[in-house]
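Results of the structural survey
Residues per chain are reported as follows:
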Amino acid sequence: MKWFGFLLIILNLFSCASYFKRKDCESTNWFNYGEQVALDGRRLSGDQFISECNQADADVAESDLDRGFKSGLQKYCQPEVVFQTGKNGRFFSTEMCVGQGLASLQVKHRAGVNEYCQRSNGYSAGAQGQAYNKICPVDLESSFLPEFNRGRKRYLAVVIQENNKSITQDESEISKLQFTVSLKRAELSRYQQRAKDEKTEALIMELNGQIRTLEYSIRSKQNKIDNLRSKNREIGLEVVQLER
């Protein structure tokens with residue numbers, strides 16, 4: 001019976017998670033999302049978010065997604081966009097632009113990379129949050145990377161600060177929820193001690209439902225806290241590596 005109860009809890013958690021994932025997916029502007037996938041130099045078939053939405057049986061607007069991807073693909077292969085891709089410190093996916101003057105596009109991309117890898121751009125590039133992907137030529141990297149790492153450490157410090165702020169807020173909300181649960185349980189106990197009639201049974205059922213909803217909120221917030229603390233530990237290790 002204990003295992004059966006545990007199984008019901010797990011199934012309920014998966015059901016709730018799928019519900020929220022579906023809501024997230026169905027609120028997505030799929031044209032814009034498909035366009036951004038192409039502008040990132042990626043294919044729809046390998047996109048994790050789309051895969052998760054399909055697994056959650058969400059309504060994915062495939063036609064909008066496809067039109068958006070084709071729109072983004074046309075933009076991605078424009079010389080000025082290829083230059084900006086390099087200037088943002090990102091690789092250019094040549095297989096996305098077959099037969100569209102690849103040699104000249106690669107020249108544009110290298111020009112953008114050279115601007116990105118200037119020492120004067122290092123700090124701001126690191127402070128924007130994108131991890132360094134070893135895109136810079138060796139002759140530029142030696143002066144660029146120390147400044148990038150300095151900006152990167154500043155960015156990571158802000159992320160840790162924001163995570164800790166969120167943790168504190170969630171811990172406060174958990175305390176309030178736990179207090180509400182204790183009040184609901186006390187109320188439930190009083191109803192359970194009464195003579196049972198149809199109205200009392202309905203109130204007991206309603207209170208049990210409210211308690212389960214509150215407990216799910218508590219578990220969700222605690223999971224969020226655990227994830228943020230895990231991320232902070234990972235960030236701490238990266239900061240140590242940067243300092244070395």
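Model, not experiment: these values are computed from the prediction. (Residues numbered from 1 in each chain as written. Predicted model: local features only at pLDDT ≥ 70, side-chain atom pairs only at ≥ 80, totals over all residues. Heavy atoms only, no water.)

What the rule picks out here adds up to 15 salt bridges. Its salt-bridge partner being Arg42, residue Asp40 comes within 3.5 Å of it at the nearest N-O pair. Arg42 gets classed as partly exposed once you look at its relative accessible area, which sits at 32%. Arg185 is the salt-bridge partner of Glu215, the closest N and O atoms lying 2.4 Å from each other. Separated by 30 residues along the polypeptide, Glu215 in helix α9 (residues 198-243) and Arg185 in helix α8 (residues 138-192) bring together distant segments of the chain. Judged by relative accessible area, which is 25%, Glu215 ranks as partly exposed. On the basis of relative accessible area, Arg185 is assigned to the partly exposed category, the value being 42%. The network of salt bridges with shared partners includes Asp40, Arg42, Asp47 and Arg90. (Salt bridge = Lys/Arg side-chain N within 4 Å of Asp/Glu carboxyl O. Buried < 20%, exposed > 50% of the residue type's maximum accessible area, 1.4 Å probe, protein only. Helix = DSSP H or I, 4+ residues; strand = E, 2+ residues; numbered from the N terminus.)

With a phi close to 60°, Asp57 is a non-glycine residue in the positive phi region. Note that Asp57 resides in the loop between α3 (48-55) and α4 (62-76). For Lys134, which is not glycine, the phi dihedral falls at a positive 60°. Tracing the chain through its elements places Lys134 in the loop between α7 (119-127) and α8.

A few words on the environment of Glu162. When you line up the elements, Glu162 lands in helix α8. The partly exposed category is assigned to Glu162, whose relative accessible area is 44%. A C-alpha to C-alpha distance of 38 Å links Glu162 and Ser63, two positions 99 residues apart in sequence.

The periodicity of an α-helix, 3.6 residues per turn, causes residues three or four places apart in sequence to face the same way. A rise of 1.5 Å per residue sets the reference length of helix α6 (residues 102-116), with its 15 residues, at 21 Å; its end C-alpha atoms lie 21 Å apart and thus fit the reference within 8%. Burial in α6 covers these residues: Leu105, His109, Gly112, Val113 and Tyr116. The arc that holds every buried residue of α6, seen down its axis, measures 100°, which confines them to one face. Lining the buried residues of α6 we find α5 (79-87), α7 and α8. (Expected span 1.5 Å × (residues − 1). Arc of directions from axis to C-beta. Contact = heavy atoms within 4.5 Å.)

Our next topic: the confidence of the model for the chain. Caution is warranted with low-pLDDT regions, since their predicted coordinates should not be read in detail. For the chain, the mean per-residue pLDDT works out to 90, and 93% of the residues sit at or above 70. When mean pLDDT is compared element by element in the chain, α7 scores highest at 97, while helix α1 (residues 2-26) scores lowest at 59. Contacts for the low-pLDDT stretch residues 1-11, under 50 throughout, to residues beyond four places or in other chains number 0 contacts. (pLDDT = per-residue confidence, 0-100.)

Under the counting rule described, the total for this entry stands at 8 aromatic pairs. Between Tyr132 and Phe144 the ring centres are 5.9 Å apart and the planes differ by 50°, which places this aromatic pair in the tilted class. On the criterion of sequence distance, the pair formed by Tyr132 in the loop between α7 and α8 and Phe144 in helix α8 is long-range, its members being 12 residues apart. With relative accessibility at 19%, the residue Tyr132 sits in the buried group. (Phe/Tyr/Trp six-rings, centres within 6.5 Å; stacked < 30°, edge-to-face > 60°.)

To continue, consider the packing of α7 against α8. In the contact formed by α7 and α8, the axes pass within 6 Å of each other and the chain directions differ by 25°. Our classification of the angle between α7 and α8 gives roughly parallel. For the element pair α7 and α8, the recorded crossing hand is right-handed. Along the contact surface, α7 presents Arg119, Asn121, Gly122, Tyr123, Ala125, Gly126 and Ala127, while α8 presents Ser143, Phe144, Glu147, Phe148, Arg150, Gly151, Arg152, Arg154 and Tyr155. Considered class by class, the residues forming the contact of α7 with α8 number 6 nonpolar, 5 polar and 5 charged. (Axes fitted to C-alpha atoms, helices over the stretch in contact; angles between N-to-C directions. Parallel < 35°, antiparallel > 145°, perpendicular 65-115°, else oblique. Left-handed = near helix turned anticlockwise from the far one by under 90°. Nonpolar A, V, L, I, M, F, W, Y, C, P; charged D, E, K, R; others polar.)

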